[in-house]
Amino acid sequence: MLRTMAKNSPARRRAALLASAVAVLGLLTACGNDDGSASSPSTLSGTAGPATDGSDSPAESPNATPSGSSSDTNPSSGTGTTPSEGVSASGSVSTRCHTSQLRATVGHNDPGAGQENFPIVLTNTASHTCTVRGYPGAAFADSAGKQLGPDPKRSSGAPETVTLAPGQSAWAGLTFSNPEVSGAKSATPATLVVTPPDEKDPLKVKWTGGQVPVSGNSSSVRLTVFSPGSGA
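Residues numbered from 1 in each chain as written. Predicted model: local features only at pLDDT ≥ 70, side-chain atom pairs only at ≥ 80, totals over all residues. Heavy atoms only, no water.

Draft legend 1. Quick peek at the overall build of the chain. Counting its regular elements, the chain contains 2 helices and 17 strands. When burial is assessed residue by residue, the chain has 47% of its 232 residues classed as buried. Within the chain, contacts between residues separated by at least 24 positions form 74% of all contacts whose residues are at least 6 apart in sequence. Accessible area for the chain stands at about 10600 Å²; split by element, carbon and sulfur atoms hold 52% of it. (Helix = DSSP H or I, 4+ residues; strand = E, 2+ residues; numbered from the N terminus. Buried < 20%, exposed > 50% of the residue type's maximum accessible area, 1.4 Å probe, protein only. Contact = heavy atoms within 4.5 Å. Areas by Shrake-Rupley, 256 points an atom, 1.4 Å probe, with all protein chains shown as cover.)

Put into structure tokens, the structure is as follows:
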């Protein structure tokens, strides 16, 4: 069971978002249509660019062409924008956080009902404010950099723009069934490759969360949209 926290606390919000993901994952497990095979391993090229809208669709694999990565361009001289800003196709100024401005970490597991629930945390390390919106890109990888298991799927959620002042964080939920409970084939990753929304370049985080499902029934890994805070 997820821990009960005070009303409106970050942990309670985290629990609510991940509970929604768990419910959907449970329905997928009940269908039992997985053929038990894993997707072919691919080299993580670091070009993932997750879309910021839509739900229940696979998060793009790290060797996929980014969707939305061309929505912002570097400002030309004389625009009056700062180095962290770009000009979108609509002409509006974008303050999206770029990979070089962020640090990725994975928070503590908050398990419950056979589920493993981790927050993926992005922290603004720049000296100016920037924003994140939508889903991260994510993939487990072995020590050779090969992807383990299928691409994660996106849980339903309404993306919100999270404004990060220097030092502030946003988190997205990463949840999956414990393979010892579900019976899915498992592996122990060396890293979790995280790509910020609409970015091409990834961040690699050492994975210390143990085994993850990579094929068979209940092998789905799901992601939630980013929310303010660290998910603690």
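Following the structure, the description resumes.
Draft legend 2. A look at the state of the cysteines. What the rule picks out here adds up to 1 disulfide. Disulfide pairing is shown between Cys 97 and Cys 130; the S-S distance is 2.0 Å. Between Cys 97 and Cys 130, the disulfide has an S-S torsion of 90 degrees and is therefore right-handed. With a gap of 33 residues between them, Cys 97 in the loop between strand 3 (93-94) and strand 4 (102-106) and Cys 130 in strand 6 (residues 130-133) connect regions that are remote in the sequence. Overall, Cys 97 belongs to the buried group, its relative accessible area being 1%. (Disulfide = S-S within 2.5 Å.)

Draft legend 3. Local environment of the nonpolar core. Phe 140, Leu 174, Leu 192 and Trp 207 are the most contacted members of the largest nonpolar core, which totals 28 residues. At 4 residues, strand 11 (residues 169-177) tops the list of elements feeding residues into this core. With near-sequence residues (within four places) excluded, Leu 192 lies in contact with Val 106, Ile 120, Ala 138, Ala 139, Phe 140, Leu 174, Leu 203, Lys 204, Val 205 and Trp 207. (Core = buried A, V, L, I, M, F, W, Y, C linked by side-chain atoms within 4.5 Å.)

Draft legend 4. Summary view of the sheet that holds strand 13 (residues 191-195). An order of 8-7-13-14 is seen for the 4 strands of this open sheet, with the pairing classed as antiparallel. In this open sheet, the two edge strands, each paired with only one partner strand, are strand 8 (147-148) and strand 14 (203-206). Where strand 7 (residues 137-141) meets strand 8, 2 bridges bridge the pair, whose relative direction is antiparallel. Bridge pairing links Phe 140 to Leu 148 in strand 8. (Pairing = 2+ DSSP bridges.)

Draft legend 5. Just unusual backbone geometry, in detail. Phi is positive for Ala 113, which is not a glycine, with a value near 50 degrees. Within the fold, Ala 113 resides in the loop between strand 4 and strand 5 (115-124). Positive phi, normally seen in glycine, also occurs at Asp 198, with a value near 65 degrees. Note that Asp 198 resides in the loop between strand 13 and strand 14.

Draft legend 6. Focus on the environment of Gly 157. Along the chain, Gly 157 falls in the loop between strand 9 (153-154) and strand 10 (161-164). Separated by 69 residues in the primary sequence, Gly 157 and Phe 226 place their C-alpha atoms 9.5 Å from one another.

Draft legend 7. The pattern of salt bridges, seen in detail. Tallied over the entire structure, the rule returns 1 salt bridge. The closest approach of N and O atoms between Glu 199 and Arg 96, which form a salt bridge, is 2.5 Å. Here the residue Glu 199 occupies a position in the loop between strand 13 and strand 14, and Arg 96 occupies one in the loop between strand 3 and strand 4, the gap between them amounting to 103 residues. The exposure classification of Glu 199 matches that of Arg 96, with both residues buried. (Salt bridge = Lys/Arg side-chain N within 4 Å of Asp/Glu carboxyl O.)

Draft legend 8. How the structure looks around the packing of aromatic side chains. With the rule as written, the count across this model stands at 4 aromatic pairs. Measuring from centroid to centroid gives 5.0 Å for Phe 140 and Trp 207, while their planes differ by 75 degrees, and the two rings are edge-to-face. Residue Phe 140 is found in strand 7, and its partner Trp 207 is found in the loop between strand 14 and strand 15 (212-215); the two are separated by 67 residues along the sequence. Overall, the relative accessible area of 5% leaves Phe 140 in the buried class. Feature note: the residues Phe 118, Phe 140, Phe 176 and Trp 207 constitute an aromatic cluster, connected by ring pairs. It is Arg 154 that lies over the ring of Tyr 135; its NZ or CZ is 5.2 Å from the centre. (Phe/Tyr/Trp six-rings, centres within 6.5 Å; stacked < 30°, edge-to-face > 60°. Lys NZ or Arg CZ within 6 Å of the ring centre and 35° of its normal.)

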